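A closer look at the structure
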Amino acid sequence: MENYMICNCKQVSFSDIYDVLKESSKFDDVLSAFETVQNVTHCSTGCGGCYEKVLDVISDILSGVVS
């Protein structure tokens, strides 16, 4: 698994998001997972430019594209 920066404003990496999702309960949808990731990491609360990128990463992790 390659680690890279997702949210530059809050310095949140792919691994940070992955870890939150793996340590949290199961999610029914990407938006509820996003809310949890955002509450823990504060990603996408600065400029908001990474919003779509964060959603894409969460979707990939939840769908099993990245494990």
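Predicted model only: the values in this text are computed from it and were never measured.

Let us now look at the environment of Leu 21. Position of Leu 21 relative to the elements: it lies in helix α1 (residues 14–23). Sequence separation between Leu 21 and Phe 34 is 13 residues, and the spatial gap between their C-alpha atoms is 9.2 Å. Not counting residues within four places of it along the chain, the set of residues in contact with Leu 21 comprises Phe 27, Ala 33, Val 37, Ile 58 and Ile 61.

Quick look at the environment of Asp 56 now. Along the chain, Asp 56 falls in helix α3 (residues 51–63). When the C-alpha positions of Asp 56 and Thr 36 are compared, they lie 15 Å apart, and in sequence the two are 20 residues distant.

Further remarks concern the packing of helix α2 (residues 30–41) against α3. At a minimum axis separation of 10 Å, α2 and α3 run at an interaxial angle of 115°. With respect to α3, the element α2 is oriented roughly perpendicular. For the element pair α2 and α3, the recorded crossing hand is right-handed. Contacts between α2 and α3 pair Val 30, Leu 31, Ala 33, Phe 34 and Val 37 from the former with Tyr 51, Val 54, Leu 55, Ile 58, Ser 59 and Leu 62 from the latter. Here the contact of α2 with α3 is built from residues that sort into 10 nonpolar, one polar and no charged.

Bringing unusual backbone geometry into the picture now. Even without being glycine, Gln 11 reaches a positive phi, approximately 55°. Within the secondary structure layout, Gln 11 lies in the loop between β1 (5–7) and β2 (12–13). In this structure, His 42 is a non-glycine residue whose phi angle is positive, near 65°.

Rules used in this analysis
- Residues numbered from 1 in each chain as written.
- Predicted model: local features only at pLDDT ≥ 70, side-chain atom pairs only at ≥ 80, totals over all residues.
- Heavy atoms only, no water.
- Helix = DSSP H or I, 4+ residues; strand = E, 2+ residues; numbered from the N terminus.
- Contact = heavy atoms within 4.5 Å.
- Axes fitted to C-alpha atoms, helices over the stretch in contact; angles between N-to-C directions.
- Parallel < 35°, antiparallel > 145°, perpendicular 65-115°, else oblique.
- Left-handed = near helix turned anticlockwise from the far one by under 90°.
- Nonpolar A, V, L, I, M, F, W, Y, C, P; charged D, E, K, R; others polar.

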